[in-house]
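Structural overview
Below are the chains, spelled out letter by letter.
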Amino acid sequence: MNSILLASLLPVSLVLVSLVYLQARSAKQRRVALQSLSLPPSTKAFAFFHPYCDAGGGGERVLWSAIAYIQRTHPDLLCVVYTGDTAATKTSILEKVQSRFAINLSPATLHFVFLTKRVFIEDSTYPRLTLIGQSLGSVVLVAEALSLFVPDAYIDTMGYAFTLPIVRLLGIPAGAYVHYPTISPPMIARVASRSTSYANAQAISRSRVLSTMKLAYYHAFMLLYALALRRAGVLMVNSSWTRNHVARVLAYGTLGRWGVVRPRVVYPSCDTREMARLPLEGRARVVISIAQFRPEKNHAAQVRALHALLEAHPAYKAEGIELVLIGGCRNAEDKARVEGLRALARELGVESHVQFVLNAPYPDVLAWLGRASIGLNTMVDEHFGINVVEFMAAGVIPIADASGGPLEDIILPVEGEITGYHAMTPETFAAAIHTALTLSSAEDLAIRQRARTRAVQEFSEAKFEAAWEASGWATLLA
Ligand SMILES: *[C@@H]1O[C@H](CO)[C@@H](O)[C@H](O)[C@H]1NC(C)=O
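- An unreviewed UniProt entry annotates the protein as GDP-Man:Man(3)GlcNAc(2)-PP-Dol alpha-1,2-mannosyltransferase of Mycena belliarum.
- Under the Catalytic activity (unreviewed entry) heading, UniProt states for the protein: "an alpha-D-Man-(1->3)-[alpha-D-Man-(1->6)]-beta-D-Man-(1->4)-beta-D-GlcNAc-(1->4)-alpha-D-GlcNAc-diphospho-di-trans,poly-cis-dolichol + 2 GDP-alpha-D-mannose = an alpha-D-Man-(1->2)-alpha-D-Man-(1->2)-alpha-D-Man-(1->3)-[alpha-D-Man-(1->6)]-beta-D-Man-(1->4)-beta-D-GlcNAc-(1->4)-alpha-D-GlcNAc-diphospho-di-trans,poly-cis-dolichol + 2 GDP + 2 H(+)".
- Checking UniProt for the protein, the heading Pathway (unreviewed entry) contains the comment "Protein modification; protein glycosylation."

1. A few points about the overall build of the protein
- Check the secondary structure of the protein and you find 17 helices and 13 strands.
- On the principal axes, the C-alpha backbone points of the protein span a range of 90 × 65 × 40 Å.
- Evaluated residue by residue, the protein yields a buried proportion of 49% over its 478 residues.
- Sequence-distant contacts in the protein: of pairs separated by 6 or more residues, those separated by 24 or more amount to 75%.
- Within the structure as shown, the protein displays about 22500 Å² of accessible surface, and the carbon and sulfur contribution to it stands at 59%.

2. Brief notes about the pairing of strand S10 (residues 354-358)
- Across five bridges, strand S9 (residues 322-327) lies against S10 in parallel orientation. Within S10, the position partnered with Val 324 by the bridge is Gln 355.
- Crossover connection from S9 via helix H11 (residues 332-347) to parallel S10: handedness right-handed.

3. With respect to the domain arrangement of the protein
- For the protein, the domain assignment lists domain 1 (3-269 + 463-477) and domain 2 (272-459).
- For domain 1 and domain 2, the distance between their C-alpha centroids amounts to 36 Å.
- In this complex, domain 1 contributes ten residues to the contact, which on the side of domain 2 involves eight residues.
- Summed over both sides, the interface between domain 1 and domain 2 buries roughly 880 Å², with carbon and sulfur atoms accounting for 52% of that surface.
- For domain 1, the biggest contributors to the area lost against domain 2 are Trp 241, Tyr 267 and Lys 463; these three give 58% of the whole.
- Inspection of the region where domain 1 meets domain 2 yields one salt bridge.
- Its salt-bridge partner being Glu 458, residue Lys 463 comes within 3.2 Å of it at the nearest N-O pair.
- At the junction of domain 1 with domain 2, the criterion picks out four residue pairs in polar contact (both at pLDDT 80 or more).

4. Topic: the sheet that holds strand S11 (residues 374-377)
- Taken in spatial order, the six strands of this open sheet run S10-S9-S8-S11-S12-S13, and their pairing is parallel. Pairing within the sheet leaves two strands with one partner each, and these edge strands are S10 and strand S13 (421-423). Across this sheet, the average inter-strand angle for adjacent strands is 25°, counted without regard to direction.
- With three bridges connecting them, strand S8 (residues 286-290) and S11 associate as parallel partners. Bridging across to S11, Ser 289 finds its partner in Leu 376.

5. Things to note about the site of the ligand
- In the vicinity of the ligand, the residues found are His 179, Asn 238, Pro 268 and Phe 384.
- In the model, an oxygen atom of the ligand is placed 3.1 Å from a nitrogen or oxygen of the His 179 main chain.
- Between the ligand and the protein, one listed contact pairs an oxygen atom with a side-chain N or O atom of Asn 238 at 2.4 Å.
- Across the complex, the protein chains shield 62% of the 360 Å² of accessible surface that the ligand would expose by itself.

Calculation notes
Residues numbered from 1 in each chain as written. Predicted model: local features only at pLDDT ≥ 70, side-chain atom pairs only at ≥ 80, totals over all residues. Heavy atoms only, no water. UniProt positions renumbered as here; feature names shortened; annotations may be inferred. Helix = DSSP H or I, 4+ residues; strand = E, 2+ residues; numbered from the N terminus. Buried < 20%, exposed > 50% of the residue type's maximum accessible area, 1.4 Å probe, protein only. Contact = heavy atoms within 4.5 Å. Areas by Shrake-Rupley, 256 points an atom, 1.4 Å probe, with all protein chains shown as cover. Pairing = 2+ DSSP bridges. Right-handed = clockwise from strand over helix to strand, strands pointing away. Domains from an automatic or database assignment. Buried area = accessible area lost by both parts, 1.4 Å probe. Salt bridge = Lys/Arg side-chain N within 4 Å of Asp/Glu carboxyl O. Polar contact = N/O pair within 3.5 Å; in protein donor to acceptor, adjacent residues only side chain to side chain. Axes fitted to C-alpha atoms, helices over the stretch in contact; angles between N-to-C directions. Near = heavy atom within 4 Å.

Structure below.
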C-alpha cells in the first residue's frame, strides 16, 4: 500500500518540482525581456502559441490581425509569440507581415520567444500514430515555451489543444482559436463507414480487428481532445462548420455540457480590396467557377448544369453563353480530371460553350472576375468557400451548393434581400443561372451591389476585430 502510494507520488512531485523550477527560470527571462523593451516590470503579457508564425498563410493572417488589434487597443499590453521559426528574426518576421499582409505591427510591445524543439510537432517525426505523437509533441514544445517565458494569459492559435491543460496547470488562463478540429465525431463516422464499405469477404476478419482497433484509438483520442479543449476559457472558431464540429467534440461521450465554454465564430478577414474595385455593370454572359481540379469540387456538376440550361432554354445556344472553369491543375490526377471534364462536355454536346483556364496568374483571374455575370461553387459541404466571398466582392452573382459555408456563412440575405442563389442538382443550378441571367437590369445591379456589400463588410478587418473583442479574450487577463 505504502509503496504504491510512494510510486504514484514520486512522478507527481517530480512534475510539480519541475513546474516550479521552470516558472522561476522563466520569470527571470521575462524580467529581461521587459527590460530590453523598456517596459515597466508590471506590464502584462498575452502570449500566442503559433509555432509556424512565419508561414504567411491564412492562419497567420488571423494571428497578426489579432495582434495588430490588441496593440492598437491595449498599448500597455505586451504581446508574445512563441514560434519555432528559429531561422527568422523579429525584424524579418515583421517585414514579412508588412509585405505579405499589409499589417503594421509595433515592435515596441511585441516579443518573440524562439522555440528549438519544433521537430516534436512535425508530421514527418511521426510516420505512425501521428495524432497522438504530435499532441504529446506539443506538450513538450509548450513546456519549452513556458520555461522561456511565463505569460499572464495564453492563447493557442494553431490547433494545439493539448497545450491548454499544461498552461492551466501553471495557473495561467488559456484560450484557443480553432481553424480546424484535430478530430471530430463526423470524421470518425466517415472512417468507420469507409472501413466497412472496403471490407471484402477474404480480409473481413483481419480488417475487422484492425479497423475496430483504429476506431478505438480515434475515440480515445477524441475523448482526450475534448478534455483538453475544455480547458479553454475562451474558444473561437473560424467558421460555422468548425463551430459545429468543435461543439460536437465538446459534448463528446458522457461529458455532458456542464461548464463548457461556447465556441464563437470569428471569421478571418478576407482581402477583397482589388475585387471590390471591379465595375458592377457591363458584365458578359459568362459563368465562371474558380476551384482547383480536385474531385470534391464536383466540376462535372457544372458541365451538367450548363447542359441542363441549354436543354431547357435552347435560345442560349444562338445568343451565346460561356462556362469558364478556372483553377489550379497541379498534378497528373488533376490533369486527368480536366481531360475527363472535356470528354464529358463533348459527350453532352456543350464543348463549344466550355473553356478551361488552368493555373492562371492572379491578374488573369481578376480579369475574369470583372467580366463574368455568375460564379458557381458545386462542392457539397464546403467548409467555408473563400471563392464565393471573392465572387461576391467582385460583383459576380454566386450560385452555390446548398450546404456548408456558402449556405451557413456566406450567401445570406442583407435586410431580407438575397445576395445570390443556392442549388443542389444540375437542373436547379441551371434554373438559378437562368433566373440570374434574366433579372431586370435594376434587380441585377441591386443583387451585385448587395453581394459586394455583404462580402466586403462581413469578412472585413473591422468585423474580425469586433468579433475578436466580443469573444471575451480580455477576460483571460482579468
Ligand atoms: C478555417 O481554417 C481551415 C483550416 O486552415 C480552412 O480550410 C478554412 O478555409 C478556414 N475558414 C475560414 C472561414 O477561413
